[in-house]
Amino acid sequence: MTRIADWAKKEENMEYLFNEDNFQAEVLESEVPVFVDFFAEWCGPCKMMGPVISKLAGEFEGKIKIGKCNVDDNMDLAEKYRVSSIPNMQIFKNGEVVDQIIGAQSEAALRDRLNAAL
């Protein structure tokens, strides 16, 4: 998988940052499955899921692109993918949503869903 420019990666973890400018290229046109965590900074359960998602991003690096999309900053994407409650995690494959996970989940449950997407 090609490394992405500075806009997409945080140095402290392996998560990508998706937004309305890069969603088409980095999610919908991705050659590997993509896990998108639709979140908001003010969301307690979203913050709780953060370390779990970061850990899984490292674990699945090169197999599944894992990242976040702030719903407050990307309202059009949230509306398009019917994100009405958060955390809302969606797995994309070949440009289509193949799985949706709503609410806080255990690390094991998310790992199972990610493995199923492979």
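Heads up: the structure comes first, above all this text.
Here goes a summary of the coordinates provided. (Residues numbered from 1 in each chain as written. Predicted model: local features only at pLDDT ≥ 70, side-chain atom pairs only at ≥ 80, totals over all residues. Heavy atoms only, no water.)

Another point: the nonpolar core. Core analysis: the biggest nonpolar cluster contains 19 residues, and Phe18, Phe23, Val27, Val36, Phe38, Tyr81 and Phe92 have the highest contact counts within it. Broken down by secondary-structure element, the contributors of at least two residues to this core are helix 1 (23-28), strand 2 (34-39) and helix 3 (75-80). Ignoring anything within four residues of it in the chain, the contact list for Phe23 reads Phe18, Leu28, Val36, Phe38, Leu77, Tyr81 and Phe92. Counting 15 residues, the second-largest nonpolar core is a separate cluster that includes Phe35, Ala57, Phe60 and Ile64. (Core = buried A, V, L, I, M, F, W, Y, C linked by side-chain atoms within 4.5 Å. Buried < 20%, exposed > 50% of the residue type's maximum accessible area, 1.4 Å probe, protein only. Helix = DSSP H or I, 4+ residues; strand = E, 2+ residues; numbered from the N terminus. Contact = heavy atoms within 4.5 Å.)

We now examine a negative patch on the surface. Negative charge collects at one region of the surface, where Glu20, Asp21, Glu41, Asp72, Asp73, Asp76 and Glu79 lie side by side. Here Glu79 shows up in helix 3. Residue class for Glu79 comes out exposed when judged on its relative accessible area of 62%. (Patch = residues over 30% accessible without salt bridge, like charges linked within 9 Å, V, L, I, M, F, W, Y side chains within 5 Å. Areas by Shrake-Rupley, 256 points an atom, 1.4 Å probe, with all protein chains shown as cover. Salt bridge = Lys/Arg side-chain N within 4 Å of Asp/Glu carboxyl O. Lys, Arg positive; Asp, Glu negative; His and termini not counted. Charge placed at Lys NZ, Arg CZ, Asp CG, Glu CD.)

With that settled, consider helix 4 (residues 107-117). By the burial criterion, the buried members of helix 4 are Leu110, Leu114 and Ala117. Buried residues of helix 4 fall within an arc of 55 degrees about the axis and therefore sit on the same side. Among the exposed residues of helix 4, those pointing more than 90 degrees away from its buried face are Asp112 and Ala116. Buried residues along helix 4 sit in contact with strand 2, helix 2 (44-59), strand 3 (65-70), strand 4 (88-93) and strand 5 (96-102). (Arc of directions from axis to C-beta.)

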